[in-house]
Amino acid sequence: MAWTREDMARRAAQELKDGFYVNLGIGIPTLVANYIPEGVEVTLQSENGMLGMGPFPYEEEVDPDLINAGKQTITELPSTSYFSSADSFAMIRGGHINLSILGAMQVSEKGDLANWMIPGKMVKGMGGAMDLVAGVKKVVIIMDHNARDGSPKLLHECNLPLTGVGVVDMVITDVGVFTIDETGITLTELAPDVTIEEARERTEANFKVSEAVS
Amino acid sequence: MKKTYTDAASALEGVLKDGMTIMAGGFGLCGIPENLITALRDSGVKDITAISNNAGVDDFGLGLLLQTRQIKKMISSYVGENKEFERQYLAQELDLEFNPQGTLAERCRAGGAGIPGFYTKTGVGTLIAEGKEHKEFNGETYIMETGLVADVSLVKAWKGDKEGNLIYRKTARNLNPNMATAGKITIAEVEELVEVGELDPDEIHTPGIYVQRIIQSKDLEKRIEKVTTRTRGE
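Here the structure is a predicted model, which is why all the values come from computation and not from measurement. (Residues numbered from 1 in each chain as written. Chains lettered and ligands numbered in written order. Predicted model: local features only at pLDDT ≥ 70, side-chain atom pairs only at ≥ 80, totals over all residues. Heavy atoms only, no water.)

Any details on the overall build of chain B? Residues and values, ideally.
What chain B contains, in helices and strands, is six helices and 11 strands. Since a compact globule built from 234 residues should have a radius of gyration of about 17 Å, the 18 Å found for chain B is in line with a globular shape. Its C-alpha atoms give chain B principal-axis dimensions of roughly 55 × 50 × 40 Å. Here chain B holds 234 residues, and the buried ones make up 54% of them. Pairs at least 24 apart in sequence give 72% of the contacts found in chain B among residues at least 6 apart. A total accessible area of about 10000 Å² is found for chain B, and carbon and sulfur atoms account for 46% of it. (Helix = DSSP H or I, 4+ residues; strand = E, 2+ residues; numbered from the N terminus. Rg over C-alpha atoms; globule rule 2.2 N^0.38 Å. Buried < 20%, exposed > 50% of the residue type's maximum accessible area, 1.4 Å probe, protein only. Contact = heavy atoms within 4.5 Å. Areas by Shrake-Rupley, 256 points an atom, 1.4 Å probe, with all protein chains shown as cover.)

The structure is reproduced here in structure tokens:
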């Protein structure tokens, strides 16, 4: 059985280490906060100017001055600090954030990422994604393994406009976990009941298979 | 010199002209200068180049000035919440310059600090880097981005005094302090306008030197884009 969104978020949460400062993107990455492993303390950064993000508020706690980068209402913690956007991206660009978990439209076998634009169709903008992938120490992508029409998203080369070049370290999909380094892309974990053959059929990128899987 | 004005319309008097560049603070609809945006719409000034992280939503924030076609060009990082924006852009009725959010914030900070250009890794190898100077530092490639200055910056703060000293609240701070420094004229609207001496000098985020005009906001809506809550017992 291929992994669900929750399974992917739970697996991504295993990348969180004690003491990490972490930025979670919009969508499935936001779910990762629900699966922080026991004994691990992480501080969530929100690029609109907040360090130490708490859970969603109870109804009576909703505050229009307190939102995350996805524009959802949230709460603060005793450790929270607020700062300007320039300070927020000094943290990000300056390499002070340990891990960022983001969504993607396409990832190449060299670790290129495309997640902000479909020319002529979708014009939303990159927001903070380009700064995050350029400045954060480790970048993990969570995405569906294939697009809605079944086409592969792990490619030799991205054909959508890039967000960053050679920036992705790990990709978690419904099929399994892939790591990317100078030697290329490696399948390191398979979801239950997914075969290596099926993974190859659903992937354009050439990947190696780690011993643990084969 | 008196910096206080009675309302948004009078605070904008004498500083508007067609074709001008305006910065507006806020992230989504959080921390936007609501009164000043409405007064800007009512002024009828046109061909504006607007520098703002987002473009509001269809019927609120800078979306109001898109409805009336007063904006000629937007410099933004994310406009995904505004359908009218997308329509005008795809129909080539509107110019758009996308900036990575951190680059946009730093361009405002740099502009306000008298720094005409800086180098960043953000966007190297992407569309954003096309036509920009590339330079190597310690074996890594960076691109040059330029500082931004606006004819008028419109910002929103929580508290301010009659000297123009400002204090922001929670994530409503966002780009407001950076843009406050980068306006040739900066106009602030605040929820609570107090006498000089009532703010703790150690708590001030934006010193009054950056603020030329200040008003107290009236009838703020403070609309929330995505109310997300949890239920008791979860």
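Once you've had a look at it, read on.
Give a description of unusual backbone geometry that names residues and reports values.
Residue and element names in this part refer to chain A. The phi dihedral of Asp193 falls on the positive side, at around 65°, and the residue is not glycine. Mapped onto the secondary structure, Asp193 falls in the loop between β14 (184–190) and α5 (196–201). Classification of Asp193 by relative accessible area gives exposed; the value is 68%.

Describe the side chain of Arg107 of chain B, listing the residues and the values that go with them.
Residues and elements named next belong to chain B. Relative to the helices and strands, Arg107 is located in helix α5 (residues 101–112). At 3.0 Å, the side chain of Arg107 forms a polar contact with the side chain of Glu97. If sequence neighbours within four positions are ignored, Arg107 has contacts with Glu97, Asn99, Phe118, Glu145, Thr146, Gly147 and Leu148. (Polar contact = N/O pair within 3.5 Å; in protein donor to acceptor, adjacent residues only side chain to side chain.)

Any details on the pairing of strand β4 (residues 95–98) of chain B? Residues and values, ideally.
All names here are of chain B. Across the two faces of β4 the burial differs, with Leu96 and Phe98 buried and Asp95 and Glu97 not buried at all. As paired elements, strand β3 (residues 71–76) and β4 share four bridges and run parallel to each other. Bridge pairing links Ser76 to Phe98 in β4. In the classification by handedness, the crossover that spans β3, the intervening helix α4 (residues 83–90) and the parallel β4 is right-handed. (Pairing = 2+ DSSP bridges. Right-handed = clockwise from strand over helix to strand, strands pointing away.)

Pulling in residues and values, what's your account of the sheet that holds strand β5 (residues 117–120) of chain B?
Residues and elements named next belong to chain B. Across the sheet, three strands lie side by side as β5-β7-β6; this open sheet has antiparallel pairing. Single-partner strands in this sheet number two, and they are β5 and β6 (134–137). The mean inter-strand angle of the sheet, taken between neighbouring strand axes irrespective of direction, is 40°. With four bridges connecting them, β6 and strand β7 (residues 140–146) associate as antiparallel partners. Within β7, the residue paired with Lys135 across the bridge is Tyr142. In the packing of α5 onto the sheet, the strands contacted are β5 and β7, and the crossing angle to β5 comes to about 150°. (Axes fitted to C-alpha atoms, helices over the stretch in contact; angles between N-to-C directions.)

Describe in detail the sheet that holds strand β11 (residues 154–155) of chain A, supporting the description with residues and values.
All names here are of chain A. Strands sit in the order β7-β6-β11 across an open sheet of three strands; the sheet is mixed. Across the chains shown, the open sheet's two edge strands, defined by having one partner strand only, are β7 (113–114) and β11. Pairing analysis gives two bridges linking strand β6 (residues 106–108) to β7, with the strands arranged antiparallel. Across the sheet, Val107 pairs through a bridge with Leu113, a residue of β7.

How would you sum up the interface of chain B and chain A? Please name residues and give values.
Contacts between the two partners involve 51 residues from chain B, matched on the other side by 50 residues from chain A. The largest share of the area that chain B buries against chain A comes from Lys170, Thr171 and Arg230 of chain B, three residues that together contribute 16% of it. Joining chain B to chain A, the criterion identifies six salt bridges. With a closest N to O distance of 2.1 Å, Glu60 of chain A and Arg232 of chain B form a salt bridge. Where chain B touches chain A, the interface holds 30 residue pairs in polar contact (both at pLDDT 80 or more). Within the residue set of the side of chain B that touches chain A, elements represented by two or more residues are α4, β4, α5 and α6 (176–181) of chain B. Of the residues forming the side of chain B that touches chain A, the biggest block, six residues, is contributed by α5 of chain B. Classifying every residue of the side of chain B that touches chain A by side-chain character gives 18 nonpolar, 19 polar and 14 charged. (Buried area = accessible area lost by both parts, 1.4 Å probe. Salt bridge = Lys/Arg side-chain N within 4 Å of Asp/Glu carboxyl O. Nonpolar A, V, L, I, M, F, W, Y, C, P; charged D, E, K, R; others polar.)

Remember, this is a structural readout, not a statement about activity or role.
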